[in-house]
Amino acid sequence: MDEKLRKVTHVENIRYDKAAEELVILDQTLLPNEEKFLRLTTAEEMYDAIKTLKVRGAPAIGICAAYSMYVLARSIPQGEEFYSTLEKYGAYLNSSRPTAVNLSWAIREMLKTAQENLSLSRPALLEALYEKAAAIHADDIAKCAAISEYGLTVVKDGDGILTHCNAGPLATSRYGTALGPILLGTERGMKFRVFSDETRPLLQGARLTSYELQRAGVDVTLICDNMASIVMKNGWVQACFVGCDRVAANGDTANKIGTSGVAILAKHYGIPFYVLGPTSTIDMNCPDGDHIPIEERDPEEIKNMWYEKPMALRDVKCYNPAFDVTDHSLITGIITEKGICRAPYTESLAALFDNKK
Ligand code: MRU
């Protein structure tokens, strides 16, 4: 593999060093200017890393939470209170961000593992928890690879692809979801022209997606969010690829704020709009988008965060939802590690979880 690509697809955004018993993350808030790694040791540091987007992207949040639960379990003495204390830590971490379902999913998986192994000795119980976290991590690598393969089947060499936010290796592991087909295709000698929405207000597209793609040698053009329409009108976009934070049972999909606008534009211009994500992001207990909790964040992110001086009145009212919901009717396909789901999503998504198949 080309060295530039390898550096990007093998980035260690989350690493558990078993010999040193250390959970290490790459601080994504400092990219692209600085690559700094942080050691997370306390529940407060873990909560803060997720809340402030030092680690971000639905699958990456889940992986970080899984290792965090293992680290916290190591701090609890074995005894009657072991499980209830771990449950409290899980509830605390889960309250850091509400929308990405991978967070609660990973915490639940870790608690289930703890419960199943409570009768074991302390070292064996901790080992089972470590193995579960490592399996969630390894599984995401495999899922991203499979999603990338399926995603490649809906585009061809030379296509223009528009993406919103960041759903690359930094947000997951290895190839990523929405960026996976682009990176995998590049590895195979295909050429794509990618338009990366800047993604106001936290600039994941500018800071992370264009950074990842350019470093991987992909032809990437950064645009402001309000420029998506013109590049589509110009005929430069043959497909939209976005990630997801929670997919409801009817296919309604929460993703970074601005995603639904891209989908509406894509429909207007007749461009296929694909959502890419692992099955761990599908919430079959959530009937539709109206039931997805939408995180609201600090107005300072809009008014001040990226400017030398404030760019809005200090007391102006702000509304800062971090995600929006794209209606299932706007989605051409939901690309998972198990294949591509198409409408009617109530049936195609349910079939993914049908154990008889
Ligand atoms: O607030 P963020 O940066 O965590 O939002 C991330 C997104 O919306 C991603 O598109 C989504 O989590 C998918 S990551 C593979």
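What you see is a predicted model, and the numbers here were worked out from it, not measured in a lab.

Where do I start with the packing of helix H6 (residues 122-152) against helix H7 (residues 180-187) in this structure?
Helix-helix packing: each pair is described by the crossing angle between the helix axes and the interaxial distance. Look at H6 against H7: their axes get within 8 Å of each other, and the N-to-C directions meet at 80 degrees. With respect to H7, the element H6 is oriented roughly perpendicular. Contact residues: H6 offers Ile147, Ser148, Glu149, Gly151 and Leu152, while H7 offers Gly180, Pro181, Leu184 and Gly185. Class assignment for the residues of the contact of H6 with H7 results in 4 nonpolar, 4 polar and 1 charged.

Explain the domain arrangement of the chain here, please?
It is common to report an interface's size as the accessible area lost on association of the parts. By domain assignment, the chain separates into domain 1 (3-144) and domain 2 (155-352). Taken together, the 35 residues of domain 1 in the interface contact 41 residues of domain 2. Between domain 1 and domain 2 lies a buried interface of about 3,300 Å² when both sides are counted; carbon and sulfur atoms form 57% of it. The three residues of domain 1 that bury the most area against domain 2 are Val8, Arg56 and Thr99, which together make up 19% of that side's buried surface. Across the domain 1-domain 2 interface, the total number found is 2 salt bridges. In this structure, arginine 215 and glutamate 35 form a salt bridge, with 3.2 Å as the shortest nitrogen-oxygen distance. There are 21 residue pairs in polar contact (both at pLDDT 80 or more) connecting domain 1 and domain 2. Sorting the residues of the side of domain 1 that touches domain 2 by element identifies helix H1 (3-9), helix H3 (58-74), helix H5 (101-116) and H6 as the ones contributing at least two each. Split into classes, the residues belonging to the side of domain 1 that touches domain 2 amount to 17 nonpolar, 10 polar and 8 charged.

I'm lost on the side chain of serine 348 in this one. Help?
Looking at where serine 348 falls in the secondary structure, it is placed in helix H12 (residues 345-352). Residue serine 348 is classed as buried on the basis of its relative accessible area of 16%. Within the structure, the side chain of serine 348 is placed 2.7 Å from the backbone oxygen of arginine 342, a separation counted as a polar contact.

What counts and how
Residues numbered from 1 in each chain as written. Predicted model: local features only at pLDDT ≥ 70, side-chain atom pairs only at ≥ 80, totals over all residues. Heavy atoms only, no water. Axes fitted to C-alpha atoms, helices over the stretch in contact; angles between N-to-C directions. Helix = DSSP H or I, 4+ residues; strand = E, 2+ residues; numbered from the N terminus. Parallel < 35°, antiparallel > 145°, perpendicular 65-115°, else oblique. Contact = heavy atoms within 4.5 Å. Nonpolar A, V, L, I, M, F, W, Y, C, P; charged D, E, K, R; others polar. Domains from an automatic or database assignment. Buried area = accessible area lost by both parts, 1.4 Å probe. Salt bridge = Lys/Arg side-chain N within 4 Å of Asp/Glu carboxyl O. Polar contact = N/O pair within 3.5 Å; in protein donor to acceptor, adjacent residues only side chain to side chain. Buried < 20%, exposed > 50% of the residue type's maximum accessible area, 1.4 Å probe, protein only.

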